[in-house]
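A structural walkthrough
What follows is the residue order along each chain.
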Amino acid sequence: MESLTLLLEGFSQAFTPMNLLWVFVGAFLGTAVGVIPGLGSSMAVALLLPVTFSLDPVGAFIMFAGVYFGGLFGDSTMGILMNTPGGSTAIATTFEGHRMAKLGRAPQALATSAIGAFIGGLIATTLVVFFAPKLADIAVMFGPAEYFALAVFAFIATASVVSDSVIKGLSALAIGLALAIVGIDGISGASRFTADVPQLFDGISIIVITVGILALGEVFHVASRIHRDPKLSAIAVSGRPYLSKREFREALPAWLRGTAFGVPFGVIPVGGAEVPTFMAYGTERQLDRKRRDPQFGKGAIRGVAAPEAAGNATSGTAMGALLALGLPTSATAAIMLAAFQQYGLQPGPLLFERNADLVWALLASLFIGLVVLLILNLPFAPLWAKLLLIPKHYLYAGITVFCGLGVYATSAAVADLFIVLAIGILGFVLRRYGFPLAPIMIGVVLGPLAETSLRNAMMSSGGQVSVLVDSPVTWTLYGILAVVLAYTLWRRITTRARQDV
Amino acid sequence: MITDAGNSAETAEEIHPVDQHAGRKHGFWAGRSGLVVAGILAAIGTYLTAGILAMDVPEGAKAPGPTFFPTLIVIAIFVLAVLLVVQTLRKPEHVVEAAAEHRFHTDWKSLGLVFGSFLAFALLLVPVGWLISAAMLFWGVSRALGSKRPLFDLGLSLVFASCIQVAFGAGLGLNLPGGILEGIYG
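How each quantity is defined
Residues numbered from 1 in each chain as written. Chains lettered and ligands numbered in written order. Predicted model: local features only at pLDDT ≥ 70, side-chain atom pairs only at ≥ 80, totals over all residues. Heavy atoms only, no water. Helix = DSSP H or I, 4+ residues; strand = E, 2+ residues; numbered from the N terminus. Buried < 20%, exposed > 50% of the residue type's maximum accessible area, 1.4 Å probe, protein only. Contact = heavy atoms within 4.5 Å. Areas by Shrake-Rupley, 256 points an atom, 1.4 Å probe, with all protein chains shown as cover. pLDDT = per-residue confidence, 0-100. Salt bridge = Lys/Arg side-chain N within 4 Å of Asp/Glu carboxyl O. Core = buried A, V, L, I, M, F, W, Y, C linked by side-chain atoms within 4.5 Å. Domains from an automatic or database assignment. Polar contact = N/O pair within 3.5 Å; in protein donor to acceptor, adjacent residues only side chain to side chain. Expected span 1.5 Å × (residues − 1). Phe/Tyr/Trp six-rings, centres within 6.5 Å; stacked < 30°, edge-to-face > 60°. Lys NZ or Arg CZ within 6 Å of the ring centre and 35° of its normal. Axes fitted to C-alpha atoms, helices over the stretch in contact; angles between N-to-C directions. Parallel < 35°, antiparallel > 145°, perpendicular 65-115°, else oblique. Left-handed = near helix turned anticlockwise from the far one by under 90°. Nonpolar A, V, L, I, M, F, W, Y, C, P; charged D, E, K, R; others polar. Patch = residues over 30% accessible without salt bridge, like charges linked within 9 Å, V, L, I, M, F, W, Y side chains within 5 Å.

1. Examining the overall build of chain A
The helix and strand inventory of chain A stands at 20 helices and two strands. The proportion of buried residues among the 501 residues of chain A is 62%. Put simply, 80% of the contacts in chain A that link residues at least 6 apart link residues at least 24 apart. Split by element, the accessible area of chain A, about 18,400 Å² in all, is 65% carbon and sulfur.

2. Quick word on the confidence of the model for chain B
All names here are of chain B. In this model, chain B carries an average pLDDT of 77, and 72% of its residues clear a pLDDT of 70 or more. Ignoring residues within four places in sequence, the model shows residues 1-25, a span with pLDDT below 50, making 38 contacts including any to other chains. Counted against residues more than four places away or in other chains, residues 96-103, with its pLDDT under 50, gives nine contacts.

3. Some thoughts on the pattern of salt bridges
Residues and elements named next belong to chain A. Applying the stated criterion across every chain, the model contains 11 salt bridges over all chains. E451 is the salt-bridge partner of R192, the closest N and O atoms lying 2.8 Å from each other. Residue R192 is found in strand 2 (residues 191-192), and its partner E451 is found in helix 19 (residues 438-460); the two are separated by 259 residues along the sequence. Residue R192 is classed as buried on the basis of its relative accessible area of 3%. For E451, a relative accessible area of 6% translates into the label buried. Salt bridges linked by common partners bring D185, R192, E451 and R455 together as one network.

4. Re the nonpolar core
Core analysis: the largest hydrophobic core is formed by 210 residues, its most contacted members being F220, L323, F340 and L363 of chain A together with W130 of chain B. If one sorts the elements of this core by residue count, helix 4 (residues 57-82) of chain A sits on top with 16 residues. Counting residues domain by domain, this core receives three or more from each of domain 1 (9-100) and domain 2 (108-181) of chain B. If sequence neighbours within four positions are ignored, F340 of chain A has contacts with F61, L322, L323, L345, P347, L351, L358 and L362 of chain A.

5. Concerning the interface of chain B and chain A
Listed per partner, the contact involves 71 residues of chain B and 65 residues of chain A. For the pair chain B and chain A, the number of links is zero salt bridges. Where chain B meets chain A, there are six residue pairs in polar contact (both at pLDDT 80 or more). Secondary structure elements with two or more residues in the side of chain B that touches chain A: helix 1 (9-15), helix 2 (35-54), helix 3 (68-90), helix 4 (108-128), helix 5 (130-144) and helix 6 (150-171) of chain B.

6. Quick word on the environment of S76 of chain A
Residues and elements named next belong to chain A. Note on placement: S76 falls in helix 4. We classify S76 as buried; its relative accessible area is 1%. Between the alpha carbons of S76 and A114 there is a distance of 8.6 Å; along the sequence they are 38 residues apart. Non-local contacts of S76, meaning those with residues more than four positions away in its chain, are made with A90, T93, S113 and E308. For S76, the side chain forms a polar contact with the main-chain oxygen of F73, separated by 3.4 Å.

7. Overview of helix 11 (residues 274-289) of chain A
For helix 11 of chain A, with 16 residues, the first-to-last C-alpha span of 23 Å sits near the 22 Å given by 1.5 Å per residue. Looking only at helix 11 of chain A, the buried set comprises V275, P276, T277, A280, Y281, E284 and D288 of chain A.

8. Looking at the packing of aromatic side chains
By the definition in use, this model includes 21 aromatic pairs over all chains. Aromatic pair Y281 of chain A and F296 of chain A: ring centres 5.7 Å apart, planes at 55°, arrangement tilted. Taken together, the residues Y281 of chain A in helix 11 and F296 of chain A in the loop between helix 11 and helix 12 (301-325) connect sequence positions 15 residues apart. This pair shows no difference in class: Y281 of chain A is buried, exactly as F296 of chain A is. Aromatic rings pair up to connect Y394 and F402 of chain A together with F138, F152 and F160 of chain B into one cluster. Of note, K168 of chain A hangs over the ring of F435 of chain A, and the distance from its end group to the ring centre comes to 5.5 Å. The ring of F152 of chain B carries R149 of chain B above its face, with NZ or CZ at 4.1 Å from the centroid.

9. Comments concerning the packing of helix 6 (residues 106-139) of chain A against helix 12 of chain A
Residue and element names in this part refer to chain A. Where helix 6 contacts helix 12, the two axes come as close as 6 Å, and the packing angle between them is 25°. It follows from the interaxial angle that helix 6 and helix 12 lie roughly parallel. In terms of crossing hand, the pair formed by helix 6 and helix 12 is right-handed. Residues belonging to the contact of helix 6 with helix 12 are distributed by class as follows: 15 nonpolar, nine polar and one charged.

10. Some details on the environment of W255 of chain A
Residues and elements named next belong to chain A. Here W255 is to be found in helix 10 (residues 245-267). Taking the C-alpha atoms as reference points, W255 and A280, 25 residues apart in sequence, are found 9.5 Å from one another. Filtering out sequence-adjacent residues up to four positions away, W255 remains in contact with T112, I115, G116, I119, L243, F248, A305 and A309.

11. Focus on helix 18 (residues 414-432) of chain A
All names here are of chain A. Here helix 18 contains 19 residues, and its C-alpha end-to-end distance of 28 Å stays within 8% of the 27 Å for a straight helix at 1.5 Å per residue. Of all 19 residues in helix 18, 14 are buried; the element is thus mostly enclosed. G434 lies just past helix 18 and shows a positive phi near 70°.

12. What to know about a nonpolar patch on the surface
Residue and element names in this part refer to chain A. The grouping of L122, I123, L127, F131, F248, L252 and L256 at the surface amounts to a nonpolar patch, some 540 Å² of accessible area in total. Residue assignment for the nonpolar patch shows that the elements contributing at least two residues are helix 6 and helix 10. The element contributing the most residues to the nonpolar patch is helix 6, with four residues. Structurally, L127 is set in helix 6.

13. Concerning the side chain of S142 of chain B
Within the secondary structure layout, S142 of chain B lies in helix 5. Polar contacts involving the side chain of S142 of chain B include one to the main-chain carbonyl oxygen of F138 of chain B, which spans 2.9 Å.

Written out as structure tokens, the structure is:
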């Protein structure tokens, strides 16, 4: 029960008025960014990173705890009301959620999604509290070869599972890796691909890459289609979001099943919560068909409950994987990792020993953040939808200015502004041709880990490649990867066969 | 079609023929502008190759040295570029019919305006200062995205830039350049 005492200490640290304010501000801003169509929780974290620079590490991470879940609460609101999911994780929620809204049950849909996100996040974070320290104990046994196996796992799984085309996924990954190797090589001290520009010696900052690919790329994308896409209209919400007892009982099993799908995927790096949300949605639909009065297609409450719980459960355990293993399993977690590195902290097994107070304050804040978010989202969801009353041109103009502010504030270097512009164009082109963006972020963040562990492993073995597959841990990881790939392949073939019929 | 060749030269050139399909048969490029990504990959690969060949490897660097990992990436990049070309040639993007003619094409004018605004912001930030360059960026982007009230926007963008200056500069202690207005405020 050591975890509980430590968690209580974390709570006592988080429960100062100032830190409560930071959680609230984080949750508020996170929801606001998440609500805007096209901007998910990873964008919320990226854009708000510079805001935290003047805070102490504890305050900054407490704020991030709010932002982290906030983006996920927000993105389903727009999906339900306008049929435009705020992020990829809200797509599965949107199918039945928007149907419910069209039938005049928008308040119930919003309530189901907010409570689902709360339950999923709560259960997952509780599991993290009890199991992350154990995970960290196991991680101590990891050597360079094992870390390389983890990185390869993340690369291949993200590139192949998430995107519709493996070649596109791998290309995005390669671009991410190429961005990661610019700068002075940490092992030998050689200057690599810097063209002798001093600003590049430290490499291209992860913040520049994130803002460029995700934020500026999105603004370019919106600009390129501003006169093309049809105008969107939201469904008006009458009354406050609530659930009757019967509806609550109806949704409860779906919330729990969704959470069960979401939890493992936080630790398995397949690029975020898309896979578990769709799996949860699919399962509910299968179960629904066997009932006497099938609800799917008529606005099924379970079709909203399951994916929403799955999405937040994934994010919860993803935080555990990040803290205990130093392994980001989604783009959002990757930016969180960058935030840790910004403060000179390296997530991983040692973090629990060296920065215990910060870790437990962060975990405690995740709980507080969830409660704040439930309060912010359950009664006030219709108010968030009013954000869309801000004309689109001012909304995105503001985002662009924040991109410039964030990048310049990080480094005070004008060179970074030109780099972010070039990367923004790259992000736009990749979006335009349907390339997935998550592999880029995974490549950028895990690239250095992959390279260092690969070279260290081979140096210590005198150039023997076999050292990479020399331990039970590596066998297990490559084995799971093979199973995941086989499953993906099998599913692609079966869905293709079904389409042909 | 309006092309801002100077701004996004490489994309503009290659995509250009796609837009000219009104009234005649689709050319080879129709639906195949995705080749541009293969081109970008090849360009990155070439830059990395040049960098690997020209790299100054310090003496005594243990094998595998600093060129080892980049070499793996370069190989992967060229293989993927070839695969992308093959994929795009075999399965072009579906070409849109006249009714929905514009749905899948890019609005180069708006895009160029946003790009130009950000470029100007980057160039002007230090000499002119945050307040004016950020206001100009806001104004430019909102104009590009279809705002029709230039004078109102001008006021709004100045207020927006000043709010950030006050909140982040004075409030959170970020150092934003004052430029030509240095000394007048803050």
